[in-house]
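Tertiary structure, described
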Amino acid sequence: MIGFNAIRLNDLRCFPNLCRRKSTFVFVGLFLSFFFLADDCLAQKYLSLRSQRKAERINFSVGDEISIKIDGEKTVFQGEITALRDSSIVFNKTELQLNRIDEVIDFSSGSALRAAGKSLWVAVPITFLFNGLNRWINTKESPVIDKPTLELAAVFAGTGTALMLVPHKRYKTKKKWRLLIIDTTFYPSN
């Protein structure tokens with residue numbers, strides 16, 4: 001009897017969760033049906049950088065910041081993608097053919113480490129200021145900047161420099177990577 005009552009109580013406790021799950025499934029089903037029935041709701045183009053050797057890809061859409069090198073130039077152009085066409089992109093108000101782009105540079109990789117390096121460089125003068133003021137006001141010791149303060153500032157400066165030198169990822173489009181414009185426009189059948 002005790003086992004039977006426990007099963008019945010467990011079923012009653014699970015009932016509200018089961019109702020919530022079913023209502024969630026109904027809501028998701030209705031949302032998806034309206035989503036796919038909407039006319040031109042899925043019209044979108046994006047720039048895809050795909051590896052020719054591995055199953056890797058990086059997608060950029062309109063409004064994304066991107067950095068590129070063009071036709072063997074040494075200058076890195078950085079800006080926003082304003083439009084995507086069938087075989088070209090509009091970048092910094094200039095239309096570029098995809099075959100002119102030699103390299104895409106991803107500045108977002110390692111950006112947290114480079115930001116930490118800059119913060120460590122900011123900590124160097126703050127270390128001198130607070131430790132110097134502490135020795136000058138509270139302890140009245142001479143010299144105001146002592147050897148441990150210099151060592152701490154040197155560690156901050158060295159670590160900050162090393163972190164700021166973290167390289168950016170470079171994707172050479174003529175060798176290992178391929179640039180494509182992907183059009184995912186959904187055309188309903190009549």
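Shown above is the structure to which this text applies.
What you see is a predicted model, and the numbers here were worked out from it, not measured in a lab. (Residues numbered from 1 in each chain as written. Predicted model: local features only at pLDDT ≥ 70, side-chain atom pairs only at ≥ 80, totals over all residues. Heavy atoms only, no water.)

Once that is clear, we can look at the environment of T161. Among the structural elements, T161 can be located in helix 3 (residues 147-164). On the basis of relative accessibility, which here comes to 33%, the residue T161 falls in the partly exposed class. Through-space distance from the C-alpha of T161 to that of G117 is 6.2 Å; in sequence the pair is 44 residues apart. Here the side chain of T161 touches A157 through a polar contact of 2.8 Å, landing on its backbone oxygen. (Helix = DSSP H or I, 4+ residues; strand = E, 2+ residues; numbered from the N terminus. Buried < 20%, exposed > 50% of the residue type's maximum accessible area, 1.4 Å probe, protein only. Polar contact = N/O pair within 3.5 Å; in protein donor to acceptor, adjacent residues only side chain to side chain.)

Reading across from one edge, 2-1-9 is the order of the 3 strands in this open sheet, with antiparallel pairing throughout. With partners counted over all chains shown, the strands left at the sheet margins are strand 2 (57-60) and strand 9 (177-183), one partner each. Taken pair by pair, the neighbouring strands of this sheet meet at an average axis angle of 25°, ignoring direction. With 7 bridges joining them, strand 1 (residues 45-51) and strand 9 adopt antiparallel strand pairing. What sits directly across from S48, in strand 9, is L180. (Pairing = 2+ DSSP bridges. Axes fitted to C-alpha atoms, helices over the stretch in contact; angles between N-to-C directions.)

On inspection of all chains with the given rule, the structure shows 1 aromatic pair. With centroids separated by 4.7 Å and ring planes inclined at 75°, the aromatic side chains of Y171 and W177 adopt a geometry described as edge-to-face. The residues Y171 and W177 share a single accessibility class, namely buried. (Phe/Tyr/Trp six-rings, centres within 6.5 Å; stacked < 30°, edge-to-face > 60°.)

With that settled, the discussion passes to the sheet that holds strand 7 (residues 101-106). Strands sit in the order 6-5-4-3-7-8 across an open sheet of 6 strands; the sheet is antiparallel. Looking along the sheet, the strands with just one partner apiece sit at the ends: strand 6 (94-97) and strand 8 (169-172). Each adjacent strand pair in this sheet contributes to an overall mean axis angle of 45°, direction not counted. Sheet topology places strand 3 (residues 65-70) next to strand 7; 4 bridges connect them, and they run antiparallel. Counted as the bridge partner of I70 is I101 from strand 7.

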